[in-house]
Structures are given as structure tokens and as C-alpha cells.
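A look at the structure
Given next are the chains, with one letter for each unit.
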Amino acid sequence: MRTTLRNGRLVPCEGNSLPLDVHTLSDSQMRALGMEYVAYIKEVVVDGEEAFAIHAADGTPMALTPDRDMAITAVLEHEMVPALVH
């Protein structure tokens, strides 16, 4: 898959170079855009205590940490980009 810039944003394109609707991208197309390097951090409650869950871009649980800073540090140490989910 090719990508192009449109209004300063990275946009995936098919062979005809027309931008695709990002809502219709397949898993393989998302991985081609580097989504395997994104990890989502979400505040959760486990056994009555607040914690921070780290999930892969596809939603797969990866880790649980006691605080947000530790979650961010863990994601960065694994050369991934953290994205906070509220």
C-alpha cells in the first residue's frame, strides 16, 4: 500500500493514488501504516484498585501497570508510541 500527504496528514492510497477511507482499512493495511508500533494505555479498575492497561493497536492486552508513568515508560522502552485512551 502506498501513502501520500493530504492537508499535512498521511493518507493511505490504492494503486490509483486515491485516498482510502481509514474506517474501511483491513488489519494488514493498518499494519502497513505502522500501527504495530502503537500501544494504547487505558485507566482500568482491577480488584477495586486503579491500574493502567497497555493494549496493542488491535486490542490485544499486553501489560498492566500501577501508574500511568510506568505504562508510558514501558511502551517507550519497547520502541512503541503510547496513545492514551480516556
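Structure's up top.
Please read these numbers as outputs of a predicted model, since none were measured by experiment. (Residues numbered from 1 in each chain as written. Predicted model: local features only at pLDDT ≥ 70, side-chain atom pairs only at ≥ 80, totals over all residues. Heavy atoms only, no water.)

**Comments concerning the overall build of the chain**
Broken down by element type, the chain carries two helices and six strands. Mapped from its N terminus to its C terminus, the chain presents α and β elements in the order β-β-α-β-β-β-α-β. Out of the 86 residues belonging to the chain, those deemed buried represent 22%. Long-range contacts, defined as pairs at least 24 residues apart, comprise 23% of the intrachain contacts of the chain with a sequence gap of at least 6. Accessible surface, the chain: about 6300 Å² in total, of which carbon and sulfur atoms supply 53%. (Helix = DSSP H or I, 4+ residues; strand = E, 2+ residues; numbered from the N terminus. Buried < 20%, exposed > 50% of the residue type's maximum accessible area, 1.4 Å probe, protein only. Contact = heavy atoms within 4.5 Å. Areas by Shrake-Rupley, 256 points an atom, 1.4 Å probe, with all protein chains shown as cover.)

**Concerning the sheet that holds strand S6 (residues 81-85)**
Reading across from one edge, S5-S4-S3-S6 is the order of the four strands in this open sheet, with mixed pairing throughout. Looking at which strands have only one partner, the edges of the open sheet turn out to be strand S5 (61-65) and S6. When strand polarity is set aside, the average angle formed by the axes of neighbouring strands in this sheet is 30°. Both strand S3 (residues 38-46) and S6 contribute to a ladder of five bridges, which runs parallel. For tyrosine 40, the partnering residue across the bridge sits in S6 and is alanine 83. Packing against the sheet, helix H2 (residues 68-77) makes contact with S3, strand S4 (49-56), S5 and S6, and its axis sits at approximately 145° to S6. (Pairing = 2+ DSSP bridges. Axes fitted to C-alpha atoms, helices over the stretch in contact; angles between N-to-C directions.)

**Let's talk about the side chain of threonine 65**
Residue placement: threonine 65 occurs in strand S5. Classification of threonine 65 by relative accessible area gives buried; the value is 9%. Setting aside chain neighbours within four positions, we find threonine 65 in contact with Ala51, Phe52, Ile54, Met70 and Ala71.

**As for the pairing of S5**
By the bridge criterion, four bridges tie S4 to S5 in an arrangement that is antiparallel. Note on S5: the bridge partner recorded for histidine 55 is proline 61. Here S4 folds back onto S5, and the loop between the two strands holds four residues, one of which, glycine 59, carries a positive phi near 95°.

**Section: H2**
You can read the cap of H2 off the contacts: a side-chain oxygen lies 3.2 Å from the backbone nitrogen of aspartate 69, and it is on aspartate 67. Remark: glutamate 79 follows H2 within two positions and exhibits a positive phi of approximately 55°. (Polar contact = N/O pair within 3.5 Å; in protein donor to acceptor, adjacent residues only side chain to side chain.)

**Some details on the nonpolar core**
Listed in full, the seven residues of the largest apolar core are Ala39, Ile41, Phe52, Ile54, Ala71, Val75 and Met80. Taken together, the elements giving at least two residues each to this core come down to S3, S4 and H2. (Core = buried A, V, L, I, M, F, W, Y, C linked by side-chain atoms within 4.5 Å.)

**Looking at unusual backbone geometry**
If a residue is not glycine, its phi is most likely negative; likewise, a peptide bond is most likely trans. For aspartate 47, which is not glycine, the phi dihedral falls at a positive 50°. By secondary structure assignment, the location of aspartate 47 is in the loop between S3 and S4. When its relative accessible area of 79% is taken as the criterion, aspartate 47 is described as exposed. The backbone of glutamate 79 shows a phi angle near 55°, a positive value even though the residue is not glycine.

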